[in-house]
Amino acid sequence: MPRVIITVPEKNAQPYRFGLDRKSIRIGRGTDNDIVIDSGSVSVKHAEMRRVPGGYELGDIGSTNGIKHLGIRHDKIALVPGMSLRLGDASFDFTLTDEELEAIALDKPHGAFPTPAEASPQLHPAATEEATKPKPRRAPAATPQTSSGVGVGMVLLFLVLAAAAFFTGLAIRHQKDTGEALIKAIVNKPFPGKKARD
């Protein structure tokens, strides 16, 4: 069964499954939809997922915030397994199993499910170019020495601040109890075998 996962910001992802025989699935904020998305950015009647020869497509049905893929708004888009779209602020992830792909491939005159390259003519050329461009490798995360150095620095800073706070509290308490500054008392305290200063 085709699987759709809807994720609304700050809410749990909701998975939905449908049989291959379903011809259309309505999506929106209204309770009469097949998939109800509880988000103010989704229109009451937002989109419709339709079974077409060789696969599925998602069409906007007059929504305010539309359907977006790679940040570009579309009226209709061919759904490719693994594709992630946006309906307003909600994420729409579409997947099919290998068995479903084989069953759907029998519907298509050419005998295959649309690939991302076949789906791309419906996409904006800039989005297609961006999607097919090789991704640069990311630099590895900070090495353990760097991250532990930061951690040690933070611990030392905490200890220094804690010691300063403790000493300040001690000085205030000493001044209340004796009427004399703690620093002055420490400086004037005689060491064994020496006389106190005046």
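Residues numbered from 1 in each chain as written. Predicted model: local features only at pLDDT ≥ 70, side-chain atom pairs only at ≥ 80, totals over all residues. Heavy atoms only, no water.

Engineer: In this structure, what is going on with the overall build of the protein chain? I would like to understand it.
Structural biologist: Secondary structure assignment for the protein chain yields five helices and eleven strands. Sequence-distant contacts in the protein chain: of pairs separated by 6 or more residues, those separated by 24 or more amount to 38%. When the accessible surface of the protein chain is totalled, it reaches about 13200 Å², and 59% of it is carbon and sulfur. (Helix = DSSP H or I, 4+ residues; strand = E, 2+ residues; numbered from the N terminus. Contact = heavy atoms within 4.5 Å. Areas by Shrake-Rupley, 256 points an atom, 1.4 Å probe, with all protein chains shown as cover.)

Engineer: Help me understand a nonpolar patch on the surface, please; the structure alone is not making it clear to me.
Structural biologist: A contiguous nonpolar patch, built from Phe 166, Phe 167, Leu 170, Ile 183, Ile 186 and Val 187 and spanning about 590 Å² of accessible area, is present on the exposed surface. Elements with a contribution of two residues or more to the nonpolar patch: helix 4 (144-178) and helix 5 (182-188). Here Ile 186 lies in helix 5. (Patch = residues over 30% accessible without salt bridge, like charges linked within 9 Å, V, L, I, M, F, W, Y side chains within 5 Å. Salt bridge = Lys/Arg side-chain N within 4 Å of Asp/Glu carboxyl O.)

Engineer: How should I be thinking about helix 1 (residues 98-105) in this particular structure?
Structural biologist: Note on helix geometry: an α-helix contains 3.6 residues per turn, so any two residues three or four positions apart are oriented the same way. Here helix 1 has its buried residues at Glu 100, Ile 104 and Ala 105. Down the axis of helix 1, the sector holding all buried residues measures 135°, keeping them to one side. Facing away from the buried side of helix 1, by more than 90 degrees, are the exposed residues Asp 98, Glu 99 and Glu 102. Close packing links the buried residues of helix 1 with strand 5 (47-52), strand 6 (55-60) and strand 11 (90-95). (Buried < 20%, exposed > 50% of the residue type's maximum accessible area, 1.4 Å probe, protein only. Arc of directions from axis to C-beta.)

Engineer: Is there a simple way to think about the sheet that holds strand 8 (residues 72-74) in this case?
Structural biologist: Strand pairing in a sheet relies on backbone hydrogen bonds. The paired strands run either parallel or antiparallel. Spatially, 2-1-11-10-7-8 is the arrangement adopted by the six strands of the open sheet, whose pairing is antiparallel. In this open sheet, the two strands that pair with only one neighbour each are strand 2 (14-17) and strand 8. Recorded for the sheet is a direction-independent mean angle of 30° between the axes of neighbouring strands. Pairing of strand 7 (residues 67-69) with strand 10 (residues 84-87) involves two bridges; the strand directions are antiparallel. Residue pairing in the sheet places Ile 67 in a bridge with Leu 87 of strand 10. (Pairing = 2+ DSSP bridges. Axes fitted to C-alpha atoms, helices over the stretch in contact; angles between N-to-C directions.)

Engineer: Hey, could you run me through the pairing of strand 10 in this one?
Structural biologist: One face of the sheet, then the other: side chains in a regular strand alternate in exactly this way. Residues Leu 85 and Leu 87 point to one face of strand 10 and are all buried, whereas Ser 84 and Arg 86, pointing to the other face, are not buried. Note: strand 10 against strand 11, four bridges, orientation antiparallel. Within the sheet, the bridge partner assigned to Ser 84 lies in strand 11 and is Asp 93.

Engineer: Is there a simple way to explain the sheet that holds strand 6 in this structure?
Structural biologist: Strand order in the open sheet formed by five strands is 4-3-5-6-9, with mixed pairing between adjacent strands. Two strands lie at the open edges of the sheet, namely strand 4 (35-36) and strand 9 (76-79), each paired on one side alone. As judged from the six bridges shared by strand 5 and strand 6, these two strands associate in the antiparallel manner. By the bridge assignment, Val 52 is partnered in strand 6 with Gly 55.

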